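A structural walkthrough
The primary structure of each chain is shown beneath.
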Amino acid sequence: MSTDVIRGMSCNMSNRKTFRVGSRKSQLALIQTNSVIDALKKVTQDVDFEIVSMSTTGDKILDIALSKIGEKNLFTRELEVALETKQVDMVVHSLKDLPTTLPEGLMIGSVCKRDSPYDAVVMHPKHKGKLIQDLKDGSVIGTSSLRRQSQLQRKYPGLTFESIRGNLNTRLRKLDEDGKYDAIILAEAGLVRMGWEDRVSQILSADVCMYAVSQGAKAVECRADDTDTLNLLAHIHDPDTTMACIAERAFLRTLEGGCSVPVAVCTEIKDSKLSITGGVFSVDGTQCVQDSVERDLSEIIEPPKKKIRTTKGVNQYISIAEHTDISHNALDAIMAAGVELANKILTPEGAAILKKAKEDTAKAVLEEKERKN
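Residues numbered from 1 in each chain as written. Predicted model: local features only at pLDDT ≥ 70, side-chain atom pairs only at ≥ 80, totals over all residues. Heavy atoms only, no water.

Some remarks on the overall build of the protein chain
Applied cut-off: Strands are runs of DSSP state E lasting at least 2 residues, helices are runs of H or I lasting at least 4, and numbering of each runs from the N terminus. Each residue gets one of three labels from its accessible area relative to the maximum for its type: buried under 20%, exposed over 50%, partly exposed in between, using a 1.4 Å probe on protein chains only. Contacts: residue pairs with any heavy atoms within 4.5 Å of one another. The accessible surface values rely on the Shrake-Rupley method and a 1.4 Å probe; as for residues, cover is taken only from the protein chains in view.
Counting its regular elements, the protein chain contains 10 helices and 16 strands. Residues counted as buried form 53% of the 373 residues belonging to the protein chain. Pairs at least 24 residues apart make up 73% of the contacts formed inside the protein chain by residues separated by at least 6 positions. When the accessible surface of the protein chain is totalled, it reaches about 16,800 Å², and 47% of it is carbon and sulfur.

Printed below as a string of structure tokens:
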């Protein structure tokens, strides 16, 4: 596995510890990784950081829609191998890329404060000033996400959806230069992190397109027995984002969904109350089941007395480390809310939609493999 090392602060002092941070090679991934390092530098001293960058399977396969590749851990496995073999001490991910079950011995040490979880429409320059509802029937929308496609197809049945792959730079270039797409759909958070807010034509509200589980949140994965790294990461572990993402990941795990199945959520935490809405959709968007769950956390959110994480004492919630500012009772209730929502969705109709979506994507994977052979 080839890696590139980008050195951070340099110092020959023997008493300084260097943390090696794994990252994908894309510009956005490196921006996200550097933002995590900058946050850590603000809360610790006498520490250095090195970025170890590498390409993942998902970065290398660019001619196939994600749902047709038929593999899990597309954007994470190479980085996790580096963690397991101690080539790096931590890895920065977009949390939505991390499966709800991690390899044995790994865990999410911190979930950083969530940026916008919503999706954004980026128009071809010829449609400047338009919204997605202004586009005429037959207009081509580029997206690599079945979740986005199914919801938008449901809302705007006259539009045509085509897969578009590559990093943000590549997808924007394809939009502007290929002449194939009238618009593309991207995560608002990624565009903002890249400094490309001016390309955002429209933010899609949850009633139009609910977002992916954990979208907009950065996660830092580490070894579960690495107490030095766990205690460092505790400083940037955001409580509200942690609670929302635990609920969302519990929902997704219970559904046994993933990037190949149209599953979407919308979560709010306000005044010590959790509200989570979720849905499953048929691939063509003609069918859906949605429901909501609320939890009052005001009586159980008080934190445990222990503030320092130890190897034996770190509880995990859908592979996310406990937060020392949130009681175990609250975290249990939040996880249970996600499970309850999934079970409410799994009515006979919801279960049938989910089963058919999985069958459709499995068939597409098989057809793609046959095409490649």
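Past the structure itself, the notes keep going.
What to know about the pairing of strand E14 (residues 288–296)
Here is the rule: Strand pairing follows a simple DSSP-based rule, namely that at least 2 bridges must link the two strands.
As paired elements, strand E13 (residues 273–281) and E14 share nine bridges and run antiparallel to each other. When the sheet's bridge partners are listed, phenylalanine 281 is paired in E14 with cysteine 288. Linking two consecutive strands that pair antiparallel, namely E13 and E14, is a turn of six residues; a positive phi of about 80° is found at glycine 285 within it.

As for the nonpolar core
Under the convention used in this document: Remark: nonpolar core denotes a set of buried residues (Ala, Val, Leu, Ile, Met, Phe, Trp, Tyr, Cys) joined through side-chain atoms within 4.5 Å.
In this structure, Leu95, Ile108, Phe251, Leu255, Val263 and Val280 are the most contacted members of the largest nonpolar core, which totals 46 residues. Secondary-structure elements contributing two or more residues to this core are strand E5 (106–111), helix H8 (239–255), strand E12 (263–270), E13, E14, helix H9 (328–345) and helix H10 (348–372). Ranked by residues supplied to this core, first place goes to H9 with eight residues. Contacts of leucine 255, omitting those with residues within four sequence positions, involve Val263, Val280, Ala342, Ile345, Leu346, Leu354 and Lys358. Judged by nonpolar contacts, the second largest core, of 22 residues, contains Val21, Met107, Ile236 and Ala321.

Looking at helix H4 (residues 146–155)
Worth spelling out the cut-off: Under the rule applied, a polar contact is a pair of N or O atoms within 3.5 Å (in protein, one hydrogen donor and one hydrogen acceptor; residues adjacent in sequence only if both atoms are side-chain atoms).
Most of H4 sits inside the fold, with eight of its 10 residues counted as buried. Among the residues of H4, Leu146, Arg147, Arg148, Gln149, Ser150, Gln151, Leu152 and Gln153 are the ones counted as buried. The opening residue of H4 is serine 145, an N-cap whose side-chain oxygen sits 3.2 Å from the backbone nitrogen of arginine 147.

Side note on the sheet that holds E12
Put simply, the rule is: Lines fitted to C-alpha atoms define the axes here, with helix axes fitted over just the stretch in contact, and angles between the N-to-C directions of these axes take values from 0 to 180 degrees.
Taken in spatial order, the three strands line up as E12-E13-E14 in an open sheet, and their pairing is antiparallel. The open sheet has two free edges, formed respectively by E12 and E14, since each of these has just one partner strand. Averaged over all adjacent pairs, the angle separating strand axes in this sheet is 10°, with direction ignored. Packing against the sheet, H8 makes contact with E12 and E13, and its axis sits at approximately 150° to E12.

As for the sheet that holds strand E7 (residues 140–142)
In spatial order, the strands read E8-E7-E9-E6-E10; together these five strands make up an open sheet with mixed pairing. The sheet is open, and its two edges are formed by strand E8 (160–162) and strand E10 (202–204), each paired on a single side. The mean inter-strand angle of the sheet, taken between neighbouring strand axes irrespective of direction, is 30°. Of the pairings in the sheet, the one linking E7 to strand E9 (residues 183–187) comprises two bridges and is parallel in character. Its bridge partner lying in E9, isoleucine 141 is registered against alanine 183. H4 rests against strand E6 (119–123), E8, E9 and E10 of the sheet, and its axis sits at about 125° to E9.

Details of the side chain of aspartate 226
The residue aspartate 226 is located in the loop between strand E11 (218–223) and helix H7 (227–233) in this model. Overall, the relative accessible area of 13% leaves aspartate 226 in the buried class. Engagement of the side chain of aspartate 226 in a polar contact is seen with the side chain of threonine 229, the distance being 2.7 Å.

Observations regarding the pattern of salt bridges
Filter applied, for reference: By convention in these notes, a salt bridge is any Lys or Arg side-chain nitrogen within 4 Å of a carboxyl oxygen on Asp or Glu.
This structure, assessed with the given rule, holds 18 salt bridges. Put simply, glutamate 80 and arginine 77 hold a salt bridge, and the shortest N to O gap is 3.7 Å. A residue pair is termed a helical-turn pair when its members lie 3 or 4 positions apart in one helix, as glutamate 80 and arginine 77 do in helix H3 (residues 77–84) at three residues. For glutamate 80, a relative accessible area of 0% translates into the label buried. A single network of salt bridges, built from pairs that share partners, joins Arg20, Asp89, Arg223 and Asp226.

Side note on the confidence of the model for the protein chain
Heads up, the condition is: pLDDT: the predictor's confidence for each residue, scored from 0 to 100.
For the protein chain, per-residue confidence averages 87 on the pLDDT scale, and residues scoring 70 or more make up 84% of the total. The low-confidence segment residues 5–14 (pLDDT under 50) makes 17 contacts with residues lying over four places distant or belonging to another chain. Here residues 59–71 scores under 50 on pLDDT; set against residues more than four positions off or in separate chains, the count is 32 contacts.

Quick word on the packing of H8 against H9
Note the following rule: Handedness of a helix crossing follows the sense of rotation of the near helix relative to the far helix, less than a right angle counterclockwise being left-handed and clockwise being right-handed. Under the scheme applied here, ten amino acids are nonpolar (Ala, Val, Leu, Ile, Met, Phe, Trp, Tyr, Cys and Pro), four are charged (Asp, Glu, Lys and Arg), and all others, including Gly, are polar.
Following both chains from N to C, one finds H8 and H9 inclined at 40°, their axes separated by 7 Å at the closest point. You can see that H8 and H9 cross each other, and the crossing is right-handed. Mapping the contact onto sequence places Met243, Ile246, Ala247, Ala250, Phe251, Thr254 and Leu255 in H8 and Leu331, Ile334, Met335, Gly338, Val339, Leu341, Ala342, Asn343 and Ile345 in H9. In the contact of H8 with H9, the residues fall into 13 nonpolar, three polar and no charged.

Thoughts on the packing of aromatic side chains
Stated precisely, the cut-off is as follows: Aromatic contacts are taken between Phe, Tyr and Trp rings whose centres are within 6.5 Å, Trp giving its six-membered ring; a plane angle under 30 degrees counts as stacked, one over 60 as edge-to-face, and the others as tilted. Only when the NZ of Lys or the CZ of Arg is both within 6 Å of the ring centre and within 35 degrees of the ring normal is a charge said to sit over the ring.
Applying the stated rule across the entire model yields two aromatic pairs. Relative to tyrosine 211, the ring of tyrosine 118 lies with its centre 5.4 Å away and its plane at 90°, an arrangement referred to as edge-to-face. One end of the pair, tyrosine 118, is in the loop between E5 and E6; the other, tyrosine 211, is in the loop between E10 and E11, and 93 residues separate them in sequence. Looking at lysine 17, its charged tip hangs above the ring of phenylalanine 19, at a distance of 4.9 Å from the centre.

A few points about unusual backbone geometry
The backbone of serine 214 shows a phi angle near 70°, a positive value even though the residue is not glycine. Along the chain, serine 214 turns up in the loop between E10 and E11. Judged by relative accessible area, serine 214 falls into the buried class, the value being 1%. The backbone of serine 319 shows a phi angle near 75°, a positive value even though the residue is not glycine. Examined against the element boundaries, serine 319 turns out to sit in the loop between strand E15 (316–317) and strand E16 (320–321).

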